[in-house]
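Here is how the chains run, residue by residue.
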Amino acid sequence: MTEITRLFDFPYYQLEKYNLEASLVTKYDGKWTPTSTKEYLDKANTISRALLKMGVQKNDKIAVISSTNRTEWNIMDIGVLQVGAQNVPIYPTISSEDYEYVLNHSGSTYCFVSDEEVLNKVNKIKANTNLKEVYSFDHIEGCKHYSELFNLGKDTINQTEVEARKDAVKPDELATIIYTSGTTGKPKGVMLSHDNITSNVLSAISRLPLSQNNPRVLSFLPICHIFERVLIYIYQHAGVSIYFAEGIDKIGDNAKEIKPNLMSVVPRLLEKVYDKIYAKGSELTGIKSKLFHWAIALGEKWEPYGKNGAWYNFQLKIANKLIFSKWRDALGGELTTMVSGSAPLQSRLSRVFSAAGMQVMQGYGLTETSPVVSVEMYKNRHFKIGTVGKPIDGVEVKIAEDGEILIKGRNVMMGYFKDPEKTESVMTGQYFHTGDKGELDEDGFLKITGRKKEMFKTSGGKYVIPTLLENDLKQSLFIEQVMVVGEGEKMPAAIVQPNFDFIKEWIERKDYKIETTNQAMVNSQIVIDRIQKEVDKCNSSFGKWEQIKRFELTPDVWSIDGGHLTPTMKMKRKIIKDIYQDLYDKIYRN
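Residues numbered from 1 in each chain as written. Predicted model: local features only at pLDDT ≥ 70, side-chain atom pairs only at ≥ 80, totals over all residues. Heavy atoms only, no water.

**Q** Pulling in residues and values, what's your account of the overall build of the protein?
**A** A count of helices and strands for the protein gives 21 helices and 27 strands. A globule of 590 residues ought to have a C-alpha radius of gyration of about 25 Å, and the protein, at 25 Å, matches this closely. The dimensions of the protein, computed from C-alpha atoms along their principal axes, are 75 × 55 × 50 Å. Evaluated residue by residue, the protein yields a buried proportion of 58% over its 590 residues. Put simply, 66% of the contacts in the protein that link residues at least 6 apart link residues at least 24 apart. (Helix = DSSP H or I, 4+ residues; strand = E, 2+ residues; numbered from the N terminus. Rg over C-alpha atoms; globule rule 2.2 N^0.38 Å. Buried < 20%, exposed > 50% of the residue type's maximum accessible area, 1.4 Å probe, protein only. Contact = heavy atoms within 4.5 Å.)

**Q** Mind laying out the pattern of salt bridges, listing which residues take part and the relevant values?
**A** Side chains that differ in charge, positive against negative, can pair when their charged atoms come close. Enumeration over the complete set of coordinates arrives at 32 salt bridges. Where Arg-6 meets Asp-9, a salt bridge forms, and the shortest distance between an N and an O atom there is 3.1 Å. Relative accessible area serves as the criterion here: at 13%, Arg-6 is assigned to the buried category. Residue Lys-384 is joined to Asp-443 by a salt bridge in which the shortest nitrogen-to-oxygen separation is 2.9 Å. (Salt bridge = Lys/Arg side-chain N within 4 Å of Asp/Glu carboxyl O.)

**Q** An account of a nonpolar patch on the surface is needed here, citing residue identities and associated values.
**A** Residues Trp-311, Phe-314, Ile-318 and Leu-322 make up a contiguous nonpolar surface patch of roughly 420 Å² in combined accessible area. Using a relative accessible area of 46% as the deciding quantity, one classes Phe-314 as partly exposed. (Patch = residues over 30% accessible without salt bridge, like charges linked within 9 Å, V, L, I, M, F, W, Y side chains within 5 Å. Areas by Shrake-Rupley, 256 points an atom, 1.4 Å probe, with all protein chains shown as cover.)

**Q** Which residues make up the sheet that holds strand E14 (residues 359-365), and what values do they have?
**A** Taken in spatial order, the nine strands of this open sheet run E2-E1-E11-E10-E12-E13-E14-E15-E16, and their pairing is mixed. The strands lining the two open edges of the sheet, one partner per strand, are strand E2 (31-35) and strand E16 (390-391). Two elements, strand E10 (residues 216-219) and strand E12 (residues 262-265), share two bridges in a ladder whose sense is parallel. In the sheet register, Val-217 faces E12, and the bridge partner there is Leu-262. Most of the contacts of helix H3 (residues 71-82) go to strand E1 (residues 24-28), to which it runs at about 135 degrees, and overall it touches E1, E2 and strand E11 (241-244). Along the sheet face, helix H10 (residues 251-258) touches E1, E2, E10, E11 and E12 and points at about 165 degrees away from the line of E10. (Pairing = 2+ DSSP bridges. Axes fitted to C-alpha atoms, helices over the stretch in contact; angles between N-to-C directions.)

**Q** Account for the sheet that holds strand E27 (residues 550-553), with residues named and values stated.
**A** Within a sheet, adjacent strands bond to each other through the backbone by hydrogen bonds, running parallel or antiparallel. Across the sheet, three strands lie side by side as E25-E26-E27; this open sheet has mixed pairing. The sheet is open, and its two edges are formed by strand E25 (479-485) and E27, each paired on a single side. Here the average twist between neighbouring strands, direction ignored, is 25 degrees. In this sheet, strand E26 (residues 493-498) lies alongside E25 in antiparallel orientation, the contact comprising six bridges. Note that in E26 the partner of Val-484 across the bridge is Ala-494. Each of E25, E26 and E27 is contacted by helix H21 (residues 581-588), which is oriented at about 150 degrees to E27, the strand it contacts most.

**Q** Describe helix H8 (residues 194-204), naming the residues involved and giving the relevant values.
**A** Counting buried positions over the eleven residues of H8 gives ten, a clear majority of the element. Tucked inside the fold, the buried residues of H8 contact helix H1 (9-17), H3, strand E8 (174-180), strand E9 (188-193), helix H9 (226-238) and strand E15 (372-375). N-capping of H8 is provided by Ser-193, with a side-chain oxygen placed 3.3 Å from the backbone N of Asp-195. (Polar contact = N/O pair within 3.5 Å; in protein donor to acceptor, adjacent residues only side chain to side chain.)

**Q** How would you sum up the side chain of Asn-200? Please name residues and give values.
**A** Note on placement: Asn-200 falls in helix H8. Asn-200 gets classed as buried once you look at its relative accessible area, which sits at 0%.

See below:
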């Protein structure tokens with residue numbers, strides 16, 4: 001059996017052990033089209049042969065930018081890595097200027113794009129880069145199609161050279177540079193070796209309930225992010241079929257079609273799904289309404305491992321049959337596990353979805369740690385609400401005196417590309433400084449308490465951890481996004497983006513005479529007073545010095561394109577503050 005020490009070993013392992021008819025499945029022209037393990041590797045080898053004929057050398061950088069996850073991305077990944085070159089994945093949603101920075105900083109010589117929208121952004125700045133050529137996965141007039149590489153690599157005469165290049169790739173060599181979507185400044189190029197990632201994959205596998213009895217997964221989180229990419233390698237090792245969603249807006253439809261057993265999520269997606277379900281449930285009347293809200297209330301009390309006792313479990317069976325079964329049907333009916341990462345998950349959502357038979361396993365990690373540090377698992381009592389599970393094998397977690405989480409292990413990055421000073425600033429010996437604050441409880445579970453840099457001190461000398469307040473406030477159906485401010489000021493305050501869809505539905509249900517434009521809603525005293533109730537509820541859980549004394553509402557929907565959020569949906573705090581400087585001044589200067 002193939003020993004897995006480099007990333008391109010994963011599909012060869014799958015070929016030997018499972019040889020799937022549907023290894024990778026993408027929808028083309030309305031039809032799910034499977035690629036077998038053998039075809040996947042045949043195409044990857046053809047790409048490798050073509051790259052050699054194009055003059056690609058060891059350690060050359062090849063950029064791949066795709067709007068959605070798809071089979072072609074994975075073929076390119078293996079084809080590039082096999083010849084000792086590096087895959088530089090780029091977030092599709094960043095600006096053309098950021099494309100230019102990443103392409104130049106990485107020294108990428110070729111670029112593969114998914115579609116016309118991405119191509120147009122690349123073409124804007126192509127002349128300012130060292131790109132020799134751009135290829136596309138979609139057929140686009142005026143752009144070379146990536147199938148030209150299949151013609152170029154069709155002749156197998158140089159396959160021996162591909163094999164020699166493969167054999168020359170050592171586990172400790174650079175595999176990929178992933179540019180983190182930092183909340184401030186230019187993106188940092190995180191250098192990850194084959195061993196960084198493969199060791200992480202092999203250690204994390206046991207935490208996921210994957211087997212031939214659970215043969216389908218749905219992939220839609222950006223594969224350019226290390227979280228989803230590592231999951232893809234885990235899925236390949238487990239021998240399950242990977243279906244690539246058409247887009248985030250089609251997840252529900254795609255899930256109904258393929259009936260996945262597992263998928264990865266980010267908290268924001270679960271919040272959206274829950275809000276949509278709750279809004280529909282709020283339209284019910286009579287006994288149906290009572291049953292719906294009873295089931296929700298029951299779900300919010302859920303505890304793992306039957307801790308609530310027999311009477312609760314009996315009630316839960318009824319709630320599952322009458323209410324929660326419909327939730328599962330909306331996601332295909334066979335989904336049992338969701339893996340959540342990238343941001344803190346509200347405990348309420350973890351409870352409700354787990355009660356509904358779709359357990360949410362929270363994980364924690366960073367691009368710099370390849371990424372998995374810890375992850376929950378239901379079996380063996382590795383699951384505890386409000387934590388991110390226990391560290392995986394081979395990863396050591398230490399809490400520094402100031403509460404910062406430090407990580408040591410084979411998964412810790414090689415460093416930041418072309419930036420030894422920045423690398424040195426985050427390392428103490430073999431320990432990587434995450435910038436996150438956390439605690440390890442008596443059972444070894446890791447709990448994240450906030451970002452070290454985001455904690456601030458008021459003018460009265462009191463420390464405030466904004467993420468704790470923000471996570472509490474975001475449990476409200478009335479609040480979509482919130483940023484707590486107040487560094488150096490006399491009190492904490494908040495800038496809030498209301499949940500406009502829910503508030504509009506609430507206004508119509510209550511028959512309030514309020515216009516339902518965003519501007520009218522944020523100006524409405526009725527809406528302001530209702531959100532004040534949510535703020536008051538949150539404040540009751542915090543000390544007086546932490547409580548939010550004032551807030552202002554924004555009429556904008558915070559987005560990646562608007563500059564409010566990073567591609568991984570984290571808030572760009574400095575930019576948000578700059579955008580709403582007038583609201584900040586209204587809070588503190590009036």
